[in-house]
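# Fold and geometry: a report
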Amino acid sequence: MLDVRPLGLDGVLELTPRRLHDERGFFVETYNAAALAAKGIDIVFVQDNHSCSARAGTLRGLHYQLPPRAQAKLVRAVRGSVFDVVVDLRQNSPTFAKWCGIELSAAKGNQVLVPVGFAHGFVTLEPNTDILYKVSDFYAPDHDRAIRFDDPDIGIEWPVDAGGLQLSAKDRDAPFLADAAVFKGIE
Ligand SMILES: Cc1cn([C@H]2C[C@H](O)[C@@H](COP(=O)(O)OP(=O)(O)O[C@H]3O[C@H](C)C(=O)[C@H](O)[C@H]3O)O2)c(=O)[nH]c1=O
């Protein structure tokens with residue numbers, strides 16, 4: 001009932017729960033802890049978040065929380081679509097500063113699992129896009145961090161023109177990776 005596809009960075013997965021269609025439409029278990037555990041994913045999520053972005057080209061990220069409040073995330077689009085990006089911030093990782101991206105859409109019903117140790121961001125691909133996501137620790141403003149979405153040392157190939165992006169001040173003024181706190185001691 002749950003398809004899992006590795007996305008090339010350690011522990012970053014695309015999850016696609018199977019939709020059960022009938023003449024009314026469909027039903028899908030969007031989160032089932034036992035189904036995740038059966039795939040070796042034993043993360044306890046404690047908070048649900050919902051962000052709504054009115055415009056295409058709205059970019060949120062790259063965000064993460066530092067230890068001891070680091071968060072794993074399970075992200076999905078419930079309306080519209082995004083290009084979703086995950087960046088390895090584990091200093092000792094062979095894929096440090098590497099990124100992977102995937103389109104998440106309400107139509108596909110796919111999700112991305114972001115482990116602790118990674119930054120997360122997305123850009124909306126259409127107007128009125130709603131993203132729901134679970135996190136494995138509560139919001140901790142003092143541990144909340146951002147890195148520039150366009151850091152050349154990461155080199156994310158966003159599928160939208162940088163000129164027309166909508167960014168929060170926090171994201172517009174975020175530091176480059178070289179000046180940011182990263183995850184030490186997590187392999
Ligand atoms: C994340 C969060 C934020 N807030 C408050 C703080 C601000 O007053 C307001 C908007 O926060 P922010 O601008 O950080 O929201 P996004 O830019 O959507 O950031 C989120 O989206 C990127 C893609 C992520 O991966 C993170 O989960 C998260 O940082 O909500 C809360 O009250 N609780 C929370 O858990």
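Counting from 1, residues in each chain are numbered in the order their sequence is written. Totals for whole chains, interfaces and linings use every residue, but because this is a predicted model, local features are given only for residues with pLDDT of at least 70 and side-chain atom pairs only at 80 or more, for both listing and counting. Only hydrogens and water are set aside; all other atoms, that is, all heavy atoms of the structure, feed into the side-chain values.

### Focus: the confidence of the model for the protein
Reading fine detail from the predicted coordinates is not recommended where pLDDT is low. Of the residues in the protein, 99% reach a pLDDT of 70 or more, and the chain-wide mean stands at 96. Across the whole predicted complex the pTM is 0.97, and at the interface the ipTM reaches 0.98. Known as pLDDT, the predictor's per-residue confidence is scaled from 0 to 100.

### Points about unusual backbone geometry
That bond from G61 to L62 is cis: its omega, 0 degrees, falls within 30 degrees of zero. Only DSSP runs of H or I with at least four residues qualify as helices, and only runs of E with at least two residues qualify as strands; both kinds are numbered from the N terminus onward. Looking at where L62 falls in the secondary structure, it is placed in strand β6 (residues 59–65). The backbone phi angle of N128 is positive, close to 55 degrees, even though this residue is not glycine. Positionally, N128 belongs in the loop between β11 (118–124) and β12 (129–135).

### Notes on the pattern of salt bridges
For this document, the term salt bridge refers to a Lys or Arg side-chain nitrogen within 4 Å of an Asp or Glu carboxyl oxygen. Summed over the entire model, instances satisfying the criterion amount to ten salt bridges. One salt bridge in this structure joins E14 and R5, with 2.7 Å as the shortest N-O distance. Looking at R5, the relative accessible area reads 42%, which means it is partly exposed. Only protein chains enter the accessibility calculation, which uses a 1.4 Å probe. A residue is then buried if its area is under 20% of the maximum for its type, exposed if over 50%, and partly exposed in between.

### What about the side chain of D137?
Structurally, the position occupied by D137 is in the loop between β12 and β13 (144–146). Within the local environment of D137, its side chain forms a polar contact with the side chain of R69, the two groups lying 3.1 Å apart. Only heavy atoms enter the contact rule, under which two residues are in contact if any of them lie within 4.5 Å. The contacts of D137, once residues within four sequence positions are left out, are V46, P68, R69, A70 and Q71. Pairs of N or O atoms are called polar contacts if they sit within 3.5 Å, as long as, within protein, a hydrogen donor faces a hydrogen acceptor (for residues adjacent in sequence, only side-chain-to-side-chain pairs).

### So, the environment of L132
Relative to the helices and strands, L132 is located in strand β12. For the pair L132 and V78, spaced 54 residues apart in the sequence, the C-alpha separation amounts to 6.7 Å.

### Considering the site of the ligand
The immediate surroundings of the ligand are formed by Q47, N49, R60, H63, K73, H120, F122, Y133, Y139 and K170. Between the ligand and the protein, one listed contact pairs an oxygen atom with a side-chain N or O atom of K73 at 2.9 Å. A distance of 2.7 Å is found between an oxygen atom of the ligand and a side-chain nitrogen or oxygen belonging to H120. Only the protein chains shown count as cover for residues, and all accessible areas are computed by the Shrake-Rupley method using a 1.4 Å probe. Isolated, the ligand exposes 650 Å² of accessible area, and the fraction of that covered by the protein chains is 65%. For the shell around the ligand, the elements supplying multiple residues, two or more each, are β5 (47–53), β6 and β11. The residue inventory of the shell around the ligand, partitioned by class, reads three nonpolar, four polar and three charged. The near set for a molecule or strand comprises every residue that places at least one heavy atom within 4 Å of it. Residue polarity is assigned by list, with Asp, Glu, Lys and Arg as charged and Ala, Val, Leu, Ile, Met, Phe, Trp, Tyr, Cys and Pro as nonpolar; anything else, Gly included, falls into the polar class.

### Some remarks on the environment of P115
One can find P115 in the loop between β10 (111–114) and β11. Given a relative accessible area of 15%, P115 falls into the buried group. Sequence separation between P115 and K39 is 76 residues; the distance between their C-alpha atoms is 15 Å. Residues in contact with P115, not counting those within four places in the same chain, are D10, G11, V12, Q71 and A72.

### Observations concerning the nonpolar core
The nonpolar side chains of a soluble globular protein tend to be buried with one another. Grouped together as the largest cluster of nonpolar side chains are 23 residues, with contacts concentrated most on L62, Y64, V87, L89, I147 and W158. Breaking this core down by element, the ones donating at least two residues are β6, β8 (81–88) and β11. If we skip the residues at most four places from it in the chain, L89 touches Y64, F96, G117, F118, A119, I147, L177, V182 and F183. In these notes, a set of buried Ala, Val, Leu, Ile, Met, Phe, Trp, Tyr and Cys residues joined through side-chain atoms within 4.5 Å is what counts as a nonpolar core.

### What about the sheet that holds β12?
Two strands in a sheet stick together by hydrogen bonds in their backbones, pointing the same way (parallel) or opposite ways (antiparallel). Reading across from one edge, β1-β2-β10-β7-β12-β5 is the order of the six strands in this open sheet, with antiparallel pairing throughout. Lying at the two open borders of the sheet, with one neighbouring strand each, are β1 (2–6) and β5. Strand-to-strand twist of the sheet, defined as the mean angle between neighbouring strand axes without regard to direction, takes the value 25 degrees. One bridge is not enough; two strands pair if DSSP finds at least two bridges between them. Helix axes are fitted to C-alpha atoms over the stretch in contact, other axes to C-alpha atoms as well, and angles between N-to-C directions run from 0 to 180 degrees.

### Considerations on the environment of Y133
With respect to the helices, strands and loops of the structure, Y133 is situated in strand β12. Residues Y133 and I43 lie 90 residues apart in sequence; the distance between their C-alpha atoms is 13 Å. What Y133 contacts, discounting residues up to four positions off in sequence, is Q47, D48, N49, L74 and V75.

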